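An overview of the molecular structure
In case you want the letters, here they are:
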Amino acid sequence: MLEKTLVDSIKTIDSLTQAQQLALGKFIDKGFPTSKWEEWKYASLKHLNEHNWQWSPETLPVDLPNPVWKHSAIIQTLNGNTHSEGALPLGIALLPMSEFMAQNPAFDSVWKARNPILDQNSLYDLNDALASDYAVLWVKNGVKIAEPLLHQYLVSGQLDTAVQSKLFIYLEEDSEITWFEQQRSESSHAILSNYVQEIWVSKNAHLTLIKDQDLQQSITHVDHTFIFQQESSLVDAFTFSINAAYLRNNLHFYIDGPQVVSNLNGLYIPGEDQLMDTHSVVDHRMPHSESNELYKGVLMGNATGVFNGKIFVRPDAQKTNAFQSCKNVLASDRATMNTKPQLEIWADDVKCSHGTTTGQLSDEALFYMRSRGISKATAQTLLLLAFVQQVIDKLEHEDIRAELSDKIVNKIQASLGLTLL
Amino acid sequence: MLSVKNLHARIGEKEILKGINLEVHAGEVHAIMGPNGSGKSTLASVLAGRSDYEVSEGSVEFFGKDLLDLSPEARAAEGLFLAFQYPVEIPGVSTTNFMKSAINEIRAYRGQDAMDAVQFLKMFKEKMAYVNIDQTLLSRALNEGFSGGEKKRNEIFQMAVLEPKLAILDETDSGLDIDALRIVAEGVNKLKTPQNATILVTHYQRLLDYIIPDFVHVLYKGKIVKSGNKDLALELEERGYDWIISALD
């Protein structure tokens, strides 16, 4: 149940449709997730009850830096409102969901049957209630765009602000894009950034999805990314969780056709007073598909990390290959990491493996490096950078890789308190 | 340059070094020999600053400075080098990058400017010739998947790059075939100058055929029980350690 004062304030929002009111009712009944909820055990959002939220944030114009590398378009989502800066490439459209559905009436029933696993996720309800008629990025049949589409996701506010953002990406058959999403904030106030992204990847389509999550310390950011993959489609997903006081990723893959490949790569590097939680779901619903998960974490200061990786292999999903690996380094005595791989396999002809490790940097390696004149802090940094490199190296786009690599190096150095020579 | 006085060291409750006295001067080569478990490697580790050991008594001065008061990295910057018996694998860090970091941190400690890439490469090429090591090994992750011989050769290469005033070689001969041993020994001999010194920690006399020591010390139960010149090593080779031990026990 939501706190009384918050119920009063949220009920002042008017002009909600019946469906929105229904979703809002669900949210009010459940309230914000607490540590008593199994899926939120280490990542309670109880602190959100202590703010007098501004539920309908204004959209302020912002001046975000353009990237130095070549991009095919810039799309901005500012406090939930999405628009494109300049023209979009041929074969790509940005339009409201209502218009998209009007043009694709047959998709409505398919969409309603998509059936993601929501557990008791009240934030999805909240988003459903308040993010109305959100934007759709529509990539038409056979359209292949080599240069990345840059998505600038920004939350801001001059009061404590709750932002609901939602975006739907629809890739038609044989299309191919790289979606590079920079998640940023501009506020000294508390912000709840509640983001839902749903992606439909049609037959033979190829999506590279890169998320660069670098938000301020006053931000609570919850990212729900649900990806529905059809036959012979390929998705390479990357999540780089760099900064925010609280960062939760619910990344779901629903494999709805054969010959699908889903690659999930993630790196989280929380420092002092930061919590980063990854809940991944890979739901193999159809046969002959493959999923690969590679997650790495470096936990510094008093950081908390959570990794919960669920893999479902449904009875029809014979000949599934599903792999999961999650490796963590505690770079401080005060940091904690909670890992939980969860495999549920109902098919009998499958190959599945998982492994999670959490350890510290080797004292032997550190002494060896120090005995050569390398300071303890530099030795730690060198070892940590070598540890995270495996995930960064998987990025094919050279400029994005360099940009993220610098950002990660800087964060680790700053958290360990040094500059590398 | 090195003056060890009445050095006692323990690991947990167990005392391993029980009063070591050792004076090393510039230009000298000292061999420390002794049966297994006598404390040879402990002495090397304590001098390099391994934190597993607690020094309970005694002092070590290095060029007049209290060595025991310095961090391992400061000891290296002051000119001490330990060639490890078991060089550690450092995944994801190449020897080249590792040495670049080491050189420039040491230079910073000494108040010198950082070396640029061109100077670095030139110096690297020179040193590679010392130990007959090739470029491909240096670009691989340090010690990862290296053979025993490659690891030891890499240790001597690092020593050539860092140009220590005092090098301690901990069982550098163990696990080496005769060719590798010769290459490593030649490297050490080439690096020898009247200004630096070497301590060889070894179980066998074999290495001393290639690197001739000025002094040989026998370590037993945490103490130096006998010292002599290179002839002592030959005698140990012939008669073993028993004749010394039985005279003591």
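Each remark here, short or long, concerns the structure printed above.
Residues numbered from 1 in each chain as written. Chains lettered and ligands numbered in written order. Predicted model: local features only at pLDDT ≥ 70, side-chain atom pairs only at ≥ 80, totals over all residues. Heavy atoms only, no water.

1. Observations concerning the overall build of chain A
Along the backbone of chain A there are 8 helices and 19 strands. In terms of C-alpha radius of gyration, chain A reaches 21 Å, essentially the compact-globule figure of 22 Å for 421 residues. In terms of overall dimensions, chain A has C-alpha extents of about 70 × 50 × 45 Å along its principal axes. Among the 421 residues that make up chain A, the fraction classed as buried is 60%. The contacts of chain A with a sequence gap of at least 6 include a subset with a gap of at least 24, amounting to 84%. (Helix = DSSP H or I, 4+ residues; strand = E, 2+ residues; numbered from the N terminus. Rg over C-alpha atoms; globule rule 2.2 N^0.38 Å. Buried < 20%, exposed > 50% of the residue type's maximum accessible area, 1.4 Å probe, protein only. Contact = heavy atoms within 4.5 Å.)

2. Let's talk about the interface of chain B and chain A
At the interface, 30 residues of chain B touch 17 residues of chain A. For the pair chain B and chain A, the two sides together bury roughly 2,000 Å², of which 67% comes from carbon and sulfur. When the buried area of chain B at its contact with chain A is split by residue, Glu73, Phe98 and Glu105 of chain B rank highest and sum to 30% of it. Counting every contact that joins chain B to chain A gives 3 salt bridges. Inspection of the region where chain B meets chain A yields 11 residue pairs in polar contact (both at pLDDT 80 or more). Listing elements by their share of the side of chain B that touches chain A, those giving two or more residues are helix 2 (72–77), strand 6 (80–83), helix 3 (95–109) and helix 6 (148–162) of chain B. Of all the elements, helix 3 of chain B adds the most residues to the side of chain B that touches chain A, at 7 residues. (Buried area = accessible area lost by both parts, 1.4 Å probe. Salt bridge = Lys/Arg side-chain N within 4 Å of Asp/Glu carboxyl O. Polar contact = N/O pair within 3.5 Å; in protein donor to acceptor, adjacent residues only side chain to side chain.)

3. Looking at the sheet that holds strand 1 (residues 2–11) of chain B
Residue and element names in this part refer to chain B. Spatially, the 4 strands line up as an open sheet ordered 2-1-4-5, and their pairing is antiparallel. Edge positions in the open sheet fall to strand 2 (14–24) and strand 5 (65–66), since each of these has one partner strand only. In this structure, strand 1 lies alongside strand 4 (residues 54–62), joined through 7 bridges in antiparallel fashion. Looking across to strand 4, one finds that His8 is bridged to Glu57. (Pairing = 2+ DSSP bridges.)

4. Describing a positive patch on the surface
Together, Lys14, Lys18, Lys221 and Lys223 of chain B make up a positively charged patch on the protein surface. Here Lys221 of chain B lies in the loop between strand 9 (215–220) and strand 10 (223–228). (Patch = residues over 30% accessible without salt bridge, like charges linked within 9 Å, V, L, I, M, F, W, Y side chains within 5 Å. Areas by Shrake-Rupley, 256 points an atom, 1.4 Å probe, with all protein chains shown as cover. Lys, Arg positive; Asp, Glu negative; His and termini not counted. Charge placed at Lys NZ, Arg CZ, Asp CG, Glu CD.)

5. Details of the packing of helix 6 (residues 363–370) of chain A against helix 7 (residues 376–392) of chain A
All names here are of chain A. For the pair helix 6 and helix 7, the least separation of the axes is 9 Å and the interaxial angle reads 125 degrees. Regarding the angle of helix 6 to helix 7, the classification is oblique. Along this stretch, helix 6 crosses helix 7, giving a crossing that reads as right-handed. Where helix 6 abuts helix 7, its residues Ala365, Leu366, Met369 and Arg370 lie against Lys376, Ala379, Gln380, Leu382 and Leu383. Split into classes, the residues belonging to the contact of helix 6 with helix 7 amount to 6 nonpolar, 1 polar and 2 charged. (Axes fitted to C-alpha atoms, helices over the stretch in contact; angles between N-to-C directions. Parallel < 35°, antiparallel > 145°, perpendicular 65-115°, else oblique. Left-handed = near helix turned anticlockwise from the far one by under 90°. Nonpolar A, V, L, I, M, F, W, Y, C, P; charged D, E, K, R; others polar.)

6. Observations regarding the pairing of strand 16 (residues 304–313) of chain A
Residues and elements named next belong to chain A. The buried fraction of strand 16 amounts to 9 of the 10 residues, a majority that puts the element mostly inside the structure. Relative to strand 16, strand 14 (residues 275–284) is paired through 10 bridges, and the arrangement is parallel. Following the sheet pairing, Asp277 is matched in strand 16 by Val306. Of the pairings in the sheet, the one linking strand 16 to strand 18 (residues 336–345) comprises 10 bridges and is parallel in character. Residue Thr304 lies in a different strand from strand 18, and its bridge partner there is Thr336.

7. Description of the sheet that holds strand 9 (residues 206–214) of chain A
Residue and element names in this part refer to chain A. Ordered by their spatial adjacency, 10 strands build an open sheet running 2-1-5-7-9-11-13-15-17-19, and the pairing between neighbours is mixed. At either end of the open sheet lies a strand with only one pairing partner, and these are strand 2 (81–85) and strand 19 (350–359). Each strand axis lies, on average, 10 degrees off the axis of its neighbour in the sheet, ignoring direction. Pairing analysis gives 8 bridges linking strand 11 (residues 234–243) to strand 13 (residues 261–268), with the strands arranged parallel. Bridge pairing in strand 13 links Phe240 to Leu267. In the packing of helix 7 onto the sheet, contacts are made with strand 11, strand 13, strand 15 (290–299) and strand 17 (320–330), and the angle to strand 15 comes to roughly 155 degrees. Across the sheet, helix 8 (residues 398–416) touches strand 7 (176–186), strand 9, strand 11 and strand 13, and the angle it forms with strand 11 is around 30 degrees.

8. Description of the side chain of Glu293 of chain A
Residue and element names in this part refer to chain A. By the secondary structure assignment, Glu293 is in strand 15. Buried within the structure, Glu293 lacks any salt-bridge partner; its nearest side chain of opposite charge belongs to Lys310, at an N-O separation of 11 Å. Of the polar contacts made by the side chain of Glu293, one reaches the side chain of Ser280; its length is 2.8 Å. Apart from the residues lying within four places of it in its own chain, the contact partners of Glu293 are Leu264, Ser280, Val282, Phe307, Ile311, Phe323, Gln324 and Ser325.

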